[in-house]
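Tertiary structure, described
This is what each chain is made of:
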Amino acid sequence: MENKLRNYLTAKGSSPETLSVSDFPVSSMVRIELEDDSKVEFRYAFAIEAPEFKEIAVFTEHCGHHLFQLHEGMTLTAEKR
């Protein structure tokens, strides 16, 4: 996942060494919905999918990062509000 984060940051023109406030747009939101209608929503966040590891990582400005097991029936929505 570390290489995917570096690639993401480099592609958007950020420093690949550290996350900064500019990496978390104020209007960004990540939502994960599960088969049973459970939902989790993060503001000031971005997500990186790693299907080869069956994982989704969500990086937030204020609440650290979170790793979710990717499975069938899961829906990931990343949007700017």
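Before any of the text, the structure's been laid out above.
A quick note: this is a predicted structure, and the numbers were derived from the prediction, not measured. (Residues numbered from 1 in each chain as written. Predicted model: local features only at pLDDT ≥ 70, side-chain atom pairs only at ≥ 80, totals over all residues. Heavy atoms only, no water.)

Some remarks on the pairing of strand 1 (residues 28-33)
- Both strand 1 and strand 6 (residues 75-80) contribute to a ladder of six bridges, which runs antiparallel. Bridge pairing links Val30 to Ala78 in strand 6.
- Note: strand 1 against strand 2 (residues 39-43), five bridges, orientation antiparallel. Note on strand 2: the bridge partner recorded for Arg31 is Glu41.
- Taking the residues that link successive antiparallel strands as the turn, the strand 1-strand 2 hairpin has five residues, and the phi of Asp37 there is positive, at about 75°. (Pairing = 2+ DSSP bridges. Helix = DSSP H or I, 4+ residues; strand = E, 2+ residues; numbered from the N terminus.)

Comments concerning a negative patch on the surface
- A cluster of acidic side chains, namely Glu35, Asp36, Asp37 and Glu72, defines a negative patch on the protein surface.
- Looking at where Glu72 falls in the secondary structure, it is placed in the loop between strand 5 (65-69) and strand 6. (Patch = residues over 30% accessible without salt bridge, like charges linked within 9 Å, V, L, I, M, F, W, Y side chains within 5 Å. Areas by Shrake-Rupley, 256 points an atom, 1.4 Å probe, with all protein chains shown as cover. Salt bridge = Lys/Arg side-chain N within 4 Å of Asp/Glu carboxyl O. Lys, Arg positive; Asp, Glu negative; His and termini not counted. Charge placed at Lys NZ, Arg CZ, Asp CG, Glu CD.)

Things to note about unusual backbone geometry
- The backbone phi angle of Tyr44 is positive, close to 55°, even though this residue is not glycine.
- Mapped onto the secondary structure, Tyr44 falls in the loop between strand 2 and strand 3 (45-50).
- Given a relative accessible area of 31%, Tyr44 falls into the partly exposed group.
- Look at Lys54: it is not a glycine, yet its phi comes out positive at around 55°.
- Among the secondary structure elements, Lys54 is positioned in the loop between strand 3 and strand 4 (55-60).
- On the basis of relative accessible area, Lys54 is assigned to the exposed category, the value being 55%. (Buried < 20%, exposed > 50% of the residue type's maximum accessible area, 1.4 Å probe, protein only.)

Honestly, that's just the spatial picture; any functional story needs more than this.
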